[in-house]
Amino acid sequence: WVVESARDFENERQWLLLLLGAYIGLVALVLVISVFNAVSLRDSAHFAYAVYVLSLALTQSSLTGLAGLFAWPDNAYWNDLAPLMLSMFSASLLA
């Protein structure tokens, strides 16, 4: 283990947030395309896939702490429960 300086730690944190933001952006693009396909093709399978992608994105963002940082920063209780609840919700969509 190496103790980093505050500047190095902040640079690494910013880089991680950039990568997570790029990932969430790609997930948002998949979500928009799925909803567009559901509407234009009138196919409910695309809409179900969009709901599933949204639930997985929320689960992953809560597991990485991104949702707690940006979506619900003032709700520590939900921040503790969100990974469990959202992963259970995502798993229930598979059944």
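Figured I'd write up the structure that's included with this text.

Definitions and cut-offs
As a convention, each chain's residues are numbered from 1 in the sequence order in which they are written. pLDDT decides what is reported in this predicted model: residues at 70 or higher carry local features, side-chain atom pairs at 80 or more are listed and counted, and totals for whole chains, interfaces and linings draw on all residues regardless. Values reported for side chains reflect all heavy atoms of the structure, with hydrogen atoms and water molecules removed beforehand. Under the DSSP-based scheme used, a helix requires at least four consecutive residues in state H or I and a strand at least two consecutive residues in state E, with every element numbered from the N terminus. Radius of gyration means the value over C-alpha atoms here, while the globule rule gives 2.2 Å times the residue count to the 0.38 power. A simple rule labels every residue: compare its accessible area, found with a 1.4 Å probe on the protein chains alone, to the largest value its type can have, and call it buried under 20%, exposed over 50%, or partly exposed in between. N or O atoms closer than or at 3.5 Å make up a polar contact, with two conditions inside protein: a donor-capable atom paired with an acceptor-capable one, and, for residues adjacent in sequence, both atoms drawn from side chains. Note on definitions: a residue-residue contact is assigned when non-hydrogen atoms from the two residues lie within 4.5 Å. Only the contacting stretch of a helix is used when fitting its axis, a line to C-alpha atoms as for every element, and angles between N-to-C directions run 0 to 180 degrees. An angle below 35 degrees is read as roughly parallel, one above 145 as roughly antiparallel, one from 65 to 115 as roughly perpendicular, and any other as oblique. Whether a crossing is left-handed or right-handed is set by the direction in which the near helix is turned from the far one by less than a right angle, anticlockwise for left-handed and clockwise for right-handed. Each salt bridge in this description consists of a side-chain nitrogen of Lys or Arg and a carboxyl oxygen of Asp or Glu lying within 4 Å of one another. Residues are sorted three ways: Asp, Glu, Lys and Arg are charged, Ala, Val, Leu, Ile, Met, Phe, Trp, Tyr, Cys and Pro are nonpolar, and all the rest, Gly among them, are polar.

Structural notes on the overall build of the chain
A tally of regular secondary structure across the chain gives four helices and zero strands. Rg of the C-alpha trace for the chain: 17 Å, well past the compact-globule value of 12 Å for 95 residues, more than 25% over. Its C-alpha atoms give the chain principal-axis dimensions of about 55 × 25 × 25 Å. When each of the 95 residues of the chain is scored for burial, the buried share is 20%.

Topic: the side chain of Thr59
Relative to the assigned elements, Thr59 resides in helix α2 (residues 44–64). Judged by its relative accessible area of 6%, Thr59 falls in the buried class. At 2.8 Å, the side chain of Thr59 and the backbone oxygen of Ser55 are in polar contact. Ignoring any residue separated from it by four or fewer positions in sequence, one finds Thr59 in contact with Leu86, Ser87 and Ser90.

Quick look at the side chain of Ser55
For Ser55, the position within the fold is in helix α2. In terms of polar contacts, Ser55 uses its side chain to reach the side chain of Ser90, at 3.2 Å. Those residues in contact with Ser55, other than ones at most four positions away along the chain, are Phe89, Ser90 and Leu93.

Focus on the packing of helix α1 (residues 6–41) against α2
Two packed helices can be described by the angle between their axes and the distance between those axes. The N-to-C vectors of α1 and α2 enclose an angle of 165°; their axes lie 8 Å apart at closest approach. One element, α1, and the other, α2, form an angle in the roughly antiparallel class. α2 is crossed by α1, and the crossing has left-handed handedness. Across from Leu20, Tyr23, Ile24, Val27, Val30, Leu31, Ser34, Val35, Asn37, Ala38 and Leu41 in α1, the residues of α2 making contact are His46, Phe47, Tyr49, Ala50, Val53, Leu54, Ala57, Gln60, Ser61 and Thr64.

Side note on the pattern of salt bridges
In this structure the tally under the stated criterion is one salt bridge. Glu10 is paired through a salt bridge with Arg13; the nearest N and O atoms lie 3.4 Å apart. Linking Glu10 with Arg13, this pair stays in helix α1, spanning three residues, or about one helical turn. Accessibility expressed as a relative area gives 32% for Arg13, which makes it partly exposed.

Thoughts on the packing of α2 against helix α4 (residues 76–94)
The N-to-C vectors of α2 and α4 enclose an angle of 155°; their axes lie 9 Å apart at closest approach. The angle between α2 and α4 falls in the class roughly antiparallel. Pair α2 / α4 crosses with left-handed handedness. Of the residues in α4, those in contact with Val51, Tyr52, Ser55, Leu56, Leu58, Thr59, Ser62 and Leu63 of α2 are Ala82, Pro83, Leu86, Ser87, Phe89, Ser90, Leu93 and Leu94. A breakdown of the residues in the contact of α2 with α4 according to their chemical character gives 11 nonpolar, five polar and no charged.

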